[in-house]
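Each chain, written out:
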Amino acid sequence: MHGALEAGFWGLVGGSALLIGACIAYVADLPQRLIAAIMAIGSGVLISAVAFDLMDDAYARGGFDSTAFGFLAGAVVYTIANVAVSRAGARHRKRSGSNPHESQAPAAGNSGLSIAVGALLDGIPESVVIGVSLLHGGGVSMVTVIAVFLSNVPEGLSSAAGMKKAGRGPAYIFGVWGAIALASGLAALIGYITLAGADPDLIAATTAVAAGAILAMLVDTMIPEATEEAHEFSGLIAVAGFLIAFILTKLE
């Protein structure tokens, strides 16, 4: 039970960044380039985590077949779900800029809530893989936790800003993001409990599913935001994030 509680704790740590981002959006206006730079760093770290943590671990556990199937399945499932929430108003859920056609979209109707649902969609694979990372008997993958945390801050910030513009009060805004942060911890806990003692092929496939979903999310949401606002520096910043994560994987 100790391992499950630890998984839940680290999932909650990653998810808490959504609440932190919402708090920042409620009290201050950060420069858009700074938010985009955080997004670019998070993108680089997540790419490194997918390549060196998740896919390597999945391949070591289940070989090529389970890893390839899970990786593609994760991308397909995420894409289908992402299309659904995007059409409901969450297409630009990671937008932080001031483009009137994109960044201000959350202010209309119920799209702020749709963005919150989209954030939950983004966060579930990340949280599950945090829990799964504890199954090998060592500590949690800090690279994955850091990557999840960095990617969640701008998402919480953007959506909370949209909810505020739509007239939502602080109880609603922080209630929604607090619930999603708790759901992230619960997803990590459930992932650990469900897969503890499971067949290595199943663990490998699950890890690869999360990897595929995360990579699809990066290309669909985080990278476009980073390149739009950080412009010619986004690639360099992402490379720096990748290098930091790569070094951390070798130090773990």
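Just above sits the structure.
Figured I'd write up the structure that's included with this text. Each chain carries its own residue numbering, running from 1 in the direction its sequence is written. pLDDT decides what is reported in this predicted model: residues at 70 or higher carry local features, side-chain atom pairs at 80 or more are listed and counted, and totals for whole chains, interfaces and linings draw on all residues regardless. To obtain the side-chain values, all non-hydrogen atoms of the structure were used and water was disregarded.

Position of phenylalanine 174 among the secondary structure elements: in helix H5 (residues 170-195). For phenylalanine 174 and leucine 18, which are 156 residues apart along the polypeptide, the C-alpha to C-alpha distance reads 9.7 Å. When residues no more than four places from it in sequence are discounted, the contact partners of phenylalanine 174 are Leu19, Ala22, Cys23 and Tyr26. Working definition: helices are DSSP H or I runs of at least four residues, strands are E runs of at least two. Numbering for both runs from the N terminus. In what follows, a contact means two residues having at least one pair of non-hydrogen atoms within 4.5 Å.

Let's shift gears to the packing of aromatic side chains. Centres within 6.5 Å make a pair out of two Phe, Tyr or Trp rings, where for Trp the six-membered ring is used; the pair is then stacked when the planes are under 30 degrees apart, edge-to-face when over 60, and tilted otherwise. On inspection of all chains with the given rule, the structure shows four aromatic pairs. Measuring from centroid to centroid gives 5.1 Å for phenylalanine 9 and tryptophan 10, while their planes differ by 70°, and the two rings are edge-to-face. Relative to phenylalanine 174, the ring of tyrosine 26 lies with its centre 5.5 Å away and its plane at 65°, an arrangement referred to as edge-to-face. With tyrosine 26 in helix H1 (residues 2-27) and phenylalanine 174 in helix H5, the pair connects residues that are 148 residues apart, well separated along the chain. On the basis of relative accessibility, which here comes to 25%, the residue phenylalanine 174 falls in the partly exposed class. One aromatic cluster in this structure is built from Phe52, Phe242 and Phe246. Only protein chains enter the calculation, and the probe is 1.4 Å; a residue is then buried if its accessible area is under 20% of its type maximum, exposed if over 50%, and partly exposed in between.

In terms of nonpolar packing, the biggest core is built from 23 residues, with Leu46, Leu54, Tyr78, Ile214, Met217 and Met222 touching the most fellow members. Nonpolar core, defined: a set of buried Ala, Val, Leu, Ile, Met, Phe, Trp, Tyr and Cys residues in which side-chain atoms within 4.5 Å join the residues together. Counting residues in hydrophobic clusters, the runner-up holds twelve residues, among them Leu18, Ala160, Val176 and Trp177.

Before going further, it helps to spend a moment on the pattern of salt bridges. Salt bridge, as applied in this entry: a Lys or Arg side-chain nitrogen positioned within 4 Å of an Asp or Glu carboxyl oxygen. Scanning all chains against the criterion turns up one salt bridge. Among the ionic pairs, arginine 61 bridges to aspartate 57, the shortest N-O distance being 3.1 Å. Taken together, the residues span about one helical turn, with arginine 61 and aspartate 57 both in helix H2 (residues 32-90) at a distance of four residues. Among the residues examined, arginine 61 registers a relative accessible area of 23% and is labelled partly exposed.

Let us look at the packing of H1 against H5. Only the contacting stretch of a helix is used when fitting its axis, a line to C-alpha atoms as for every element, and angles between N-to-C directions run 0 to 180 degrees. Interhelical geometry of H1 versus H5 gives an angle of 160° and a closest axis separation of 7 Å. Between H1 and H5, the interaxial angle falls into the category roughly antiparallel. Helix-helix and strand crossings are classified by hand; for H1 and H5 the assignment is right-handed. Gly counts as polar in this scheme, as do all residues outside two lists: the nonpolar Ala, Val, Leu, Ile, Met, Phe, Trp, Tyr, Cys and Pro, and the charged Asp, Glu, Lys and Arg. In the contact of H1 with H5, the residues fall into 19 nonpolar, eight polar and no charged. Should an angle fall under 35 degrees it is taken as roughly parallel, and over 145 as roughly antiparallel, whereas 65 to 115 is taken as roughly perpendicular and any remaining angle as oblique. By definition, turning the near helix anticlockwise from the far helix through less than a right angle yields a left-handed crossing, and turning it clockwise yields a right-handed one.

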